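Summary of the model geometry
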Amino acid sequence: MGCLSLYLACLMKKFWWKILGVAMVLFSIIFGLLGKVPALPILNESIRNLYFHVPMWFAMILLLLVAFIFSIISLNKGTQKADLRANELTNSAIFLGVMGLLTGMIWATFTWGKPWTNDPKLNSVAIGMLIYLGYIILRQAIEDREKRARVSAVFNIFAFPIFVVLIFVLPRIEDSLHPGNGGNPGFNTYDLDNNMRPIFYMAVFGWTLIGVWISELRSRIRNIEYHIEENE
Amino acid sequence: MNKLFTLLALFLISVSSAFAEADVEMAFDMRSNGKIYVVVAVLATIFTGLAIFLFLLDRRISKLEKQHNIDND
C-alpha cells in the first residue's frame, strides 16, 4: 500500500500537468454536453460547439505562443532541444488549427448556411494557415540542421505576431459573423453566458496542456532519433 | 414625457425578452429521458482511453531515453 502511494506520488510529480489537462478536457466533455446553455435561435444546441470548436483555436494560439518563446530560446542559445520543441509545438498547433477549420466548417454549414462564408475571420485564418504551411515547407527544404534551426526560428518569430494580428485585430475592423468581432469587443462581454464560461476555459486550458504533451512526446522522439544518428 | 419614455423602454424590453424566450428548439427531451448520459459516458470513455494510450506512449519514450542515456529536460 505504501509502495503504491509512493508510486502515485512519483507519478503525480512527473505527470501532474498532463493529468490536469486530461481532467480538464474530460470535464468539458461531460459538462459541455450536460450543462445548461442559453436557448438561442439558429444556434440551438449547436451552441455547445463553443466547448469544442473554439478551444481548438485558443489552444492553437497558446501553443504558437509557447513555440514563439522556444524559437527565441533556440536563436539565443542555439540548442537543438529548443529548436525541436518549437518545431513540434508549431506542428501540433497547426494540427489543432486544421481541426478548428474542419469543425468550424461543419458548424457554419448548419448555422451560417454554408461551410465557407467570406467572413473576414475565415479569410485571415486562411492566410494565417498558409503562413504556417510555409513554415513546414521551409523546414523541409533546408537540409543543414543548424541553418534550419536558425531560419525557422526567425520565421516563427515573425509569423506569430502576424498570425495574432490576422486573427484578432483585422477581423474586428470589418463586420464579422463571429461573435466579438466587428466593432469594439468590450461591448460584447456578455456574449459568453456565465454558465458557459468556466467550462469553456477548462476546455481551452485542457486542450492546450494536451497539445503541449503531444508536442513534448514528438520532440522527445526526434531527440532520440538524432541521438541515435549521431552515435552511429 | 419622462414617464412615457420609461414606459416605452419597459415595453420594448418586455417584448424583446418575450421574443428571446419564444420557442427556440432545444434538446430538452434528449436530456429528460436520460439517454444523453449514455453518449456522455461513451465520449468520456473514448477520451480516457486516448489519454491512457498517450500516457503509455510517454512511458515508452522515457524508457528509450533511459536506454540511450538522454536526460529529458
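A quick note: this is a predicted structure, and the numbers were derived from the prediction, not measured.

With that settled, the discussion passes to the pattern of salt bridges. Scanning the entire structure with this criterion turns up 11 salt bridges over all chains. Ionic pairing is found between Lys18 of chain A and Glu216 of chain A, a salt bridge with its closest N-O pair at 3.2 Å. Pair noted here: Lys18 of chain A is in helix 1 (residues 2-34) and Glu216 of chain A is in helix 6 (residues 196-230), with a separation of 198 residues, a long-range link. Here the two residues Lys18 of chain A and Glu216 of chain A agree in accessibility, since each one is buried. Between Arg222 of chain A and Glu88 of chain A there is a salt bridge, and its shortest N-O distance comes to 2.6 Å. Residue Arg222 of chain A is located in helix 6, and its partner Glu88 of chain A is located in helix 3 (residues 80-111); the two are separated by 134 residues in the primary sequence. Note on Glu88 of chain A: relative accessible area 1%, which makes it buried. Members of the salt-bridge network, linked through shared partners, are Lys18, Glu216 and Arg220 of chain A together with Asp58 and Glu65 of chain B.

This paragraph deals with the packing of helix 3 of chain A against helix 6 of chain A. If you want to describe how two helices pack, look at the angle between their axes and the distance between the axes. Residue and element names in this part refer to chain A. Relative to each other, helix 3 and helix 6 sit at 135 degrees, their axes nearing to 8 Å. Classified by the interaxial angle, the pair formed by helix 3 and helix 6 is oblique. In this structure, helix 3 meets helix 6 at a crossing whose hand is right-handed. Judged by residue contacts, Gln80, Lys81, Leu84, Arg85, Asn87, Glu88, Leu89, Asn91 and Ser92 of helix 3 engage Gly211, Val212, Ser215, Arg218, Ser219, Arg222, Asn223, Tyr226 and Glu230 from helix 6. Among the residues forming the contact of helix 3 with helix 6, the class breakdown is four nonpolar, eight polar and six charged.

Before going further, it helps to spend a moment on a nonpolar patch on the surface. Residues and elements named next belong to chain B. Where nonpolar side chains cluster on the molecular surface, the patch consists of Val38, Val39, Val42, Leu43, Ile46, Leu50 and Phe53 and spans about 640 Å² of accessible area. If you trace the backbone, Val42 turns up in helix 3 (residues 36-67). The class for Val42 is partly exposed, based on a relative accessible area of 43%.

Let's shift gears to the environment of Arg172 of chain A. Tracing the backbone through its elements, the reader meets Arg172 of chain A in helix 5 (residues 145-173). C-alpha of Arg172 of chain A to C-alpha of Lys121 of chain A: the two residues are 51 residues apart in sequence and 8.5 Å apart in space.

For chain B, per-residue confidence averages 75 on the pLDDT scale, and residues scoring 70 or more make up 55% of the total. Per-element confidence in chain B is highest for helix 3 of chain B, whose mean pLDDT is 92, and lowest for helix 1 (residues 2-21) of chain B, whose mean pLDDT is 56.

Cut-offs and rules
Residues numbered from 1 in each chain as written. Chains lettered and ligands numbered in written order. Predicted model: local features only at pLDDT ≥ 70, side-chain atom pairs only at ≥ 80, totals over all residues. Heavy atoms only, no water. Salt bridge = Lys/Arg side-chain N within 4 Å of Asp/Glu carboxyl O. Helix = DSSP H or I, 4+ residues; strand = E, 2+ residues; numbered from the N terminus. Buried < 20%, exposed > 50% of the residue type's maximum accessible area, 1.4 Å probe, protein only. Axes fitted to C-alpha atoms, helices over the stretch in contact; angles between N-to-C directions. Parallel < 35°, antiparallel > 145°, perpendicular 65-115°, else oblique. Left-handed = near helix turned anticlockwise from the far one by under 90°. Contact = heavy atoms within 4.5 Å. Nonpolar A, V, L, I, M, F, W, Y, C, P; charged D, E, K, R; others polar. Patch = residues over 30% accessible without salt bridge, like charges linked within 9 Å, V, L, I, M, F, W, Y side chains within 5 Å. Areas by Shrake-Rupley, 256 points an atom, 1.4 Å probe, with all protein chains shown as cover. pLDDT = per-residue confidence, 0-100.

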